[in-house]
Amino acid sequence: MPPRFPIPPLAGLRAFEAIARLQSFRKAAGELSVTTSAVSHQVRSLEEALDIQLFERDTRGVTVTYAGQRFLPEVQAALDRLALAVADLRQRSPNEPLTISTLPTFAVRWMIPRLADFRRKHPEIEVRLDASMELASFTGSDVDLAIRYGRGNWPDLHSEPLIAERLIPVCSPALLEGPLPLKEPADLARHVLLQNSAHPEDWGLWLTAAKVEDVDSGHGPSFAYSELLLRAAAEGLGVAVARRHLVETDLAAGSLVAPFDITHDSGICYWLVCPPQSLNDVRVAAFRAWLLDEIGPQTTIEAEA
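Treat the numbers as computed from the prediction; the structure is a model and nothing was measured.

Q: Let's hear about the overall build of the protein: which residues, and what values?
A: Regarding its fold elements, the protein presents nine helices and ten strands. On C-alpha atoms alone, the protein measures out to a radius of gyration of 29 Å, which is more than a quarter above the 19 Å that the 2.2 N^0.38 rule sets for 305 residues. The dimensions of the protein, computed from C-alpha atoms along their principal axes, are 100 × 45 × 35 Å. Burial status across the protein gives 43% buried among its 305 residues. Here the analysis covers contacts within the protein between residues at least 6 apart in sequence; of these, 75% occur between residues at least 24 apart. Of the roughly 17400 Å² that the protein leaves accessible, carbon and sulfur atoms contribute 53%. Distance between charge centres in the protein, computed from 29 positive and 40 negative side chains, equals 7 Å.

Q: Can you lay out the environment of Thr63 for me, pointing to particular residues and giving the numbers?
A: For Thr63, the position within the fold is in strand E2 (residues 61–64). For the pair formed by Thr63 and Ile19, sequence separation is 44 residues and the distance between their alpha carbons is 9.5 Å.

Q: Can you lay out the packing of aromatic side chains for me, pointing to particular residues and giving the numbers?
A: What describes a pair of aromatic rings is the distance from one ring centre to the other and the angle between the planes of the rings. Evaluated as defined, the whole model comprises twelve aromatic pairs. A centroid spacing of 5.3 Å and a plane angle of 15° characterise the contact between Phe106 and Trp110, whose relative ring orientation is stacked. Of the two residues, Phe106 and Trp110 both sit in helix H5 (residues 104–121), four residues apart, roughly one turn of that helix. Given the relative accessible area of 3%, Trp110 is considered buried. With a centroid separation of 5.3 Å and 55° between ring planes, the pair formed by Tyr149 and Tyr270 is classed as tilted. You can see Tyr149 sitting in strand E5 (residues 145–150) and its partner Tyr270 sitting in strand E10 (residues 264–274), a full 121 residues away along the chain.

Q: Give me the packing of H5 against helix H7 (residues 226–234): which residues, what numbers.
A: Across the interface, H5 lies against H7 with an axial gap of 9 Å and an inter-helix angle of 50°. Classified by the angle their axes make, H5 and H7 are oblique. Contacts between H5 and H7 involve Thr105, Val108 and Arg109 from the former and Ser226, Glu227 and Leu230 from the latter. Tallied by class, the residues present in the contact of H5 with H7 amount to two nonpolar, two polar and two charged.

Q: Account for the sheet that holds E5, with residues named and values stated.
A: With respect to topology, eight strands assemble into an open sheet ordered E4-E3-E5-E10-E6-E9-E7-E8, the strand pairing being mixed. Whereas interior strands pair on both sides, the edge strands pair on one side only; in this sheet they are strand E4 (127–131) and strand E8 (222–223). Bridge analysis of strand E7 (residues 193–196) against E8 gives two bridges, and the strand direction is parallel. Bridging across to E8, Gln195 finds its partner in Ser222. Sheet strands in contact with H5 are strand E3 (98–102), E4, E5, strand E6 (158–170) and E10, and its direction is about 175° off that of E4. Taken strand by strand, H7 contacts E6, E7, E8 and strand E9 (239–243), and its axis lies near 170° from that of E7.

Q: Summarise H5; cite the residues concerned and give the values.
A: Along its 18 residues, H5 runs 24 Å from first to last C-alpha, staying within 8% of the 26 Å computed at 1.5 Å per residue. Considered for burial, the residues of H5 that qualify are Thr105, Phe106, Ala107, Arg109, Trp110, Met111, Arg114, Leu115, Asp117 and Phe118.

Q: If you had to explain the pairing of E6 to someone new, which residues and values would you point to?
A: Counting buried residues along E6, eleven of its 13 residues qualify, which places the element largely inside the surrounding structure. In terms of strand pairing, E6 meets E10 through eight bridges, oriented antiparallel. Residue pairing across strands places Arg166 opposite Asp265, the latter belonging to E10. Both E6 and E9 contribute to a ladder of four bridges, which runs antiparallel. Looking across to E9, one finds that Val170 is bridged to Ala240.

Q: Outline H7, listing residues and values.
A: Listed in full, the buried residues belonging to H7 are Ser226, Leu229, Leu230, Ala232 and Ala233. Looking straight down H7, one finds its buried side chains confined to an arc of 155°; they lie on one side. Contacts from the buried residues of H7 go to H5, E6, E7, E8 and E9. Gly236, located one to two residues past H7, shows a positive phi value of around 85°.

Q: Let's hear about the side chain of Asn196: which residues, and what values?
A: Structurally, Asn196 can be placed in strand E7. Polar contacts involving the side chain of Asn196 include one to the main-chain amide nitrogen of Ala198, which spans 3.0 Å. In contact with Asn196, other than residues within four places in its own chain, are Asp202, Phe223, Ser226 and Leu229.

Calculation notes
Position labels on residues start from 1 in each chain and follow its written sequence. Whole-chain, interface and lining totals are the exception, using all residues; otherwise, since this is a predicted model, local features are given only for residues with pLDDT of at least 70 and side-chain atom pairs are given and counted only at 80 or more. Side-chain numbers come from the whole structure's heavy atoms, not from hydrogens or water. A run of H or I in DSSP becomes a helix once it reaches four residues, and a run of E becomes a strand once it reaches two; helices and strands are each numbered from the N terminus. Put simply, the radius of gyration uses C-alpha atoms, and a globule should come to 2.2 Å times the residue count raised to 0.38. For every residue, the accessible area obtained with a 1.4 Å probe (protein chains only) is divided by the maximum for its type, and the residue is called buried under 20%, exposed over 50%, and partly exposed between those limits. Contacts are assigned to residue pairs that have any heavy atoms within 4.5 Å of one another. Here the open area of atoms and residues is found with the Shrake-Rupley method and a 1.4 Å probe, where only the protein chains shown may cover a residue. Under this rule, positive means Lys or Arg and negative means Asp or Glu; His and the chain ends count for nothing. To locate a charge, take NZ of a lysine, CZ of an arginine, CG of an aspartate or CD of a glutamate. Stacked, edge-to-face and tilted are the three classes for Phe, Tyr and Trp ring pairs, Trp counted by its six-membered ring, which pair at centre distances within 6.5 Å; planes under 30 degrees apart are stacked, over 60 edge-to-face, the rest tilted. Where helices are involved, their axes are fitted lines through C-alpha atoms of the stretch in contact, as for all axes, and angles between N-to-C directions lie from 0 to 180°. Roughly parallel covers angles under 35 degrees, roughly antiparallel covers those over 145, roughly perpendicular covers 65 to 115, and oblique covers all other angles. For this scheme, ten residues count as nonpolar: Ala, Val, Leu, Ile, Met, Phe, Trp, Tyr, Cys and Pro. Four count as charged, namely Asp, Glu, Lys and Arg, and the remainder, Gly too, count as polar. In short, DSSP must find at least two bridges between two strands for them to pair. Under the convention used throughout, the expected extent of a helix is 1.5 Å for every residue step, that is, one less than its residue count. By construction, the arc corresponds to the directions joining the helix axis to the C-beta atoms. Definition of a polar contact: a pair of N or O atoms within 3.5 Å, with one able to donate and the other able to accept a hydrogen when the atoms are protein atoms, and with sequence-neighbouring residues admitted only if both atoms are side-chain atoms.

No statement about biological role is implied by the geometric values presented.
Below, the structure written as structure tokens:
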């Protein structure tokens, strides 16, 4: 949709910003590498286009009018955004690696096993994974997009829900047999519950969803990382609550089993996050399309209002 009002010439906006900031036509002309006469002409053309006086000129110098003072921060912000966009366009080309920031466990258990398929379909795009617990900054970094975990409320960023968090107990197949077999959720009272220290609420949430009582949800050995937690479960040290999408490979291979067909959807999920303008990047567009196809519609959720 075209703008309702025509955009004034960029030269006039740059001249106005420089004069207002430097409080001098002469200094602004020097900064912009043009003559003082040219700067004066550009500002007059801008004032005529806006039909608003931006400066008061007298023998003592130049003063920004009230209208100009209101206009100045908006012009400065727009010029800054334009400069960043130009710098980003120059720095990033289709031949540069696509840098993706994501959580370490998600990278190891979900992303890496699937990247061979993306590379086969897009051999021209080199992927670089930046696995970190910190939120990626898209300013002053080479991160192109991020896979974040949460509820999607990141201002000024494009946020797209990917995989819903569904909690499910998992354990070694050996625990399904023996003297204390896991047959129903109430049997958990006789087993060790492995705890995820990053998500201590997991067992309580799942037990509530399964309507199980008389089970101490907070008792059991604790693990700082999901990878350690799931390895302990596979070794038969107890039962863990896992995010189902992170154990799909283990369930398919049989190293872990889900003793009960009861899941808890917490309303939290993984999101594709990037600056809105990055959606026009051919590398980001290709990865996004591949990612959504790989996930499929059955595991996505709607963003919160």
